[in-house]
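# Coordinates in review
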Amino acid sequence: VLRCLGIPTRVITNFNSAHDKNLNLSIDKYIDISGNNLHLSEDSVWNFHVWNESWFIRRDLGSFYDGWQVLDATPQEKSKGIYQCGPASTRAIKEGDVNLDYDSPFVFAAVNADCITWIRYSKKRKERIYSDTRKIGKFISTKGVGTNSRVDVTANYKYPEVKEISFKISYSQYKTSLMDDRKILVTAV
């Protein structure tokens, strides 16, 4: 319909798409001390999810957010009391501006949530035991204009994942600057 009105529109596919039911920007899994799943979260990760993007000028948000906007014609959650999603600025998603209207936190989580596993010892005590910051939002794609080729638009939604580097460091060299937790903050340039 938007194309019929002259508004540029395209279909987007997000692989490993997070469904953040409670909008805490993470996909949480809870296990007991034996490793059994406790089914305490309604969060999930879908193999893929598809939505539309349309090109809008955003007078309501400011020109910084002009450009491609996420519109989901098949929302699974209510937003402001009705089933709707968007228009969420892809620029806002990339910049992590999750305090904006139009479901920015939900779309941000769909492409960039952390997957966190918690051990739940009691109703009041839990401990994070694992966090995967790279699983969500892979190969965000659209179809190329005039071709059947896939165009990767992941960079429109998120910055490149930080690469981990491994190195050895002598504890004795830094032991006087360490606290009891024996952790060192290293910044690589």
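Bear in mind that the values here come from a model prediction, so they are computed numbers and not experimental data.

### Let's talk about a nonpolar patch on the surface
A surface patch of nonpolar side chains, about 450 Å² in accessible area, is lined by Val-11, Phe-15, Phe-48, Val-50 and Phe-139. At the level of elements, strand 1 (9-19) and strand 3 (44-56) are the ones that each hand at least two residues to the nonpolar patch. Relative to the helices and strands, Phe-15 is located in strand 1.

### Re the environment of Tyr-102
Within the fold, Tyr-102 resides in the loop between helix 1 (90-95) and helix 2 (104-112). Residue Tyr-102 is classed as partly exposed on the basis of its relative accessible area, which comes to 32%. For the pair formed by Tyr-102 and Cys-85, sequence separation is 17 residues and the distance between their alpha carbons is 6.6 Å. Only 3.2 Å separates the side chain of Tyr-102 from the side chain of Asp-60, close enough to count as a polar contact.

### A word on the sheet that holds strand 2 (residues 26-31)
One open sheet accounts for 3 strands, arranged 2-8-9; its pairing is mixed. With one partner strand each, in any of the chains shown, strand 2 and strand 9 (126-132) form the two edges of the open sheet. Shown here is a sheet whose adjacent strand axes are inclined to one another by a mean of 25°, direction ignored. Bridge count between strand 2 and strand 8 (residues 114-120): 6 bridges; the pairing is parallel. Pairing of Ile-27 across the sheet is with Cys-115, part of strand 8.

### Concerning the sheet that holds strand 11 (residues 150-152)
The strand order across the open sheet formed by 6 strands is 7-4-3-1-10-11, and the pairing between neighbours is antiparallel. Taken across any chain shown, the strands that pair with only one partner, and hence form the sheet edges, are strand 7 (88-89) and strand 11. The pairing of strand 1 with strand 10 (residues 138-143) spans 2 bridges and is classified as antiparallel. Each bridged residue has a counterpart across the sheet, and for Thr-13 the counterpart in strand 10 is Ser-141. In the packing of helix 2 onto the sheet, the strands contacted are strand 1, strand 3, strand 4 (67-71), strand 7 and strand 10, and the crossing angle to strand 1 comes to about 70°.

### Remarks on the packing of aromatic side chains
All chains considered together, the criterion is met by 5 aromatic pairs. With a centroid separation of 6.4 Å and 50° between ring planes, the pair formed by Phe-15 and Phe-48 is classed as tilted. On the criterion of sequence distance, the pair formed by Phe-15 in strand 1 and Phe-48 in strand 3 is long-range, its members being 33 residues apart. Overall, the relative accessible area of 32% leaves Phe-15 in the partly exposed class. Using a relative accessible area of 48% as the deciding quantity, one classes Phe-48 as partly exposed.

### Some remarks on the pattern of salt bridges
Between side chains of opposite charge, a pair can form as their charged atoms come close. This structure, assessed with the given rule, holds 6 salt bridges. Of the charged contacts in the structure, one is a salt bridge between Lys-21 and Glu-42, with a shortest N-O distance of 3.6 Å. In this pair, Lys-21 is assigned in the loop between strand 1 and strand 2 and Glu-42 in the loop between strand 2 and strand 3, connecting sequence segments 21 residues apart. Looking at Glu-42, the relative accessible area reads 58%, which means it is exposed. For Arg-150, the salt bridge identified is with Asp-152, shortest N-O distance 3.5 Å. The structure contains a network of salt bridges with shared partners spanning Lys-21, Glu-42 and Glu-77.

### Quick word on the side chain of Asn-14
Assignment of secondary structure puts Asn-14 in strand 1. Asn-14 gets classed as buried once you look at its relative accessible area, which sits at 0%. Separated by 2.9 Å, the side chain of Asn-14 and the backbone oxygen of Ala-110 make a polar contact. If sequence neighbours within four positions are ignored, Asn-14 has contacts with Asn-47, Phe-48, His-49, Trp-51, Ala-110, Val-111, Gly-137, Lys-138 and Ile-140.

What counts and what doesn't
Each chain has its residues counted from 1, running along the sequence as written. For this predicted model, a pLDDT threshold of at least 70 governs which residues receive local features, and a threshold of 80 or more governs which side-chain atom pairs are given and counted, while totals over whole chains, interfaces and linings are taken from all residues. As a rule here, side-chain values come from all non-hydrogen atoms in the structure, and water together with hydrogens is ignored. Patch membership needs two things, relative accessible area over 30% and no salt bridge, and members are linked within 9 Å if like-charged or within 5 Å if nonpolar (Val, Leu, Ile, Met, Phe, Trp, Tyr). For the area figures, the Shrake-Rupley method with a 1.4 Å probe applies, and any residue is considered shielded solely by the protein chains shown. By definition here, a salt bridge exists when the distance from a side-chain nitrogen of Lys or Arg to a carboxyl oxygen of Asp or Glu is within 4 Å. Put simply, DSSP H or I for four residues or longer makes a helix, DSSP E for two residues or longer makes a strand, and each gets a number counted from the N terminus. Accessibility here uses a 1.4 Å probe with only protein chains present; expressed as a share of the type maximum, an area under 20% marks a residue as buried, one over 50% as exposed, and anything in between as partly exposed. We define a polar contact as two N or O atoms separated by no more than 3.5 Å, with the added condition that, inside protein, one atom must be a possible hydrogen donor and the other a possible acceptor, whereas residues neighbouring each other in sequence contribute only through side-chain atom pairs. Criterion used throughout: strands pair if DSSP finds at least two bridges between them. All axes here are fitted lines through C-alpha atoms, helices being fitted over the stretch that makes contact, and every angle between N-to-C directions spans 0 to 180 degrees. Contact definition: two residues touch when any of their heavy atoms are within 4.5 Å. Any pair of Phe, Tyr and Trp rings, taking the six-membered ring for Trp, is counted once the centres come within 6.5 Å. Such a pair is stacked with planes under 30 degrees apart, edge-to-face with planes over 60 apart, and tilted for the rest.

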